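Topology and contacts: notes
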Amino acid sequence: MMVVGIVAVCVVLAVLAFLVPRLSRHPERGTQRTLGAGSRAGGKAPGILGRIFSKPFRSSSKAVGHSGSAGRRARGRMPF
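Residues numbered from 1 in each chain as written. Predicted model: local features only at pLDDT ≥ 70, side-chain atom pairs only at ≥ 80, totals over all residues. Heavy atoms only, no water.

Under the annotation held in an unreviewed UniProt entry, the protein chain carries the name Secreted protein and is attributed to Streptomyces anatolicus.

Here is the structure:
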């Protein structure tokens, strides 16, 4: 279920970044802040469990950043 939610957020951010690049930064940072909080909470588990629990949040945050930058980069390449 979480995977579907992250994919949906990435698609929305990519479209938003393509249509209005400046206004897409705030939702992107808010999403990354929320995922960072989940990563920090998961990282408090002891030992290797901390890394295992925080990894999905770290990779999701990275995906959100990549989708936003890809939308802005595609917008910058458009001829208009």
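Quick notes on a nonpolar patch on the surface
Nonpolar side chains collect at one region of the surface, where Val3, Val7, Val11, Val15, Leu19, Val20 and Leu23 lie side by side and expose about 630 Å² of accessible area between them. Looking at the element boundaries, Val3 is found in helix H1 (residues 2-19). (Patch = residues over 30% accessible without salt bridge, like charges linked within 9 Å, V, L, I, M, F, W, Y side chains within 5 Å. Areas by Shrake-Rupley, 256 points an atom, 1.4 Å probe, with all protein chains shown as cover. Salt bridge = Lys/Arg side-chain N within 4 Å of Asp/Glu carboxyl O. Helix = DSSP H or I, 4+ residues; strand = E, 2+ residues; numbered from the N terminus.)

A few points about H1
With 18 residues, H1 should cover 26 Å at 1.5 Å per step; its first-to-last C-alpha distance of 26 Å lies within 8% of that length. Here H1 has its buried residues at Ile6, Cys10, Leu13 and Ala17. What you see down the axis of H1 is that its buried residues fit within an arc of 70 degrees, all on one side. The exposed set on the far side of H1, more than 90 degrees from its buried face, consists of Val4, Val12 and Leu19. Where H1 is buried, its residues contact helix H2 (25-42) and helix H3 (48-77). (Expected span 1.5 Å × (residues − 1). Buried < 20%, exposed > 50% of the residue type's maximum accessible area, 1.4 Å probe, protein only. Arc of directions from axis to C-beta. Contact = heavy atoms within 4.5 Å.)

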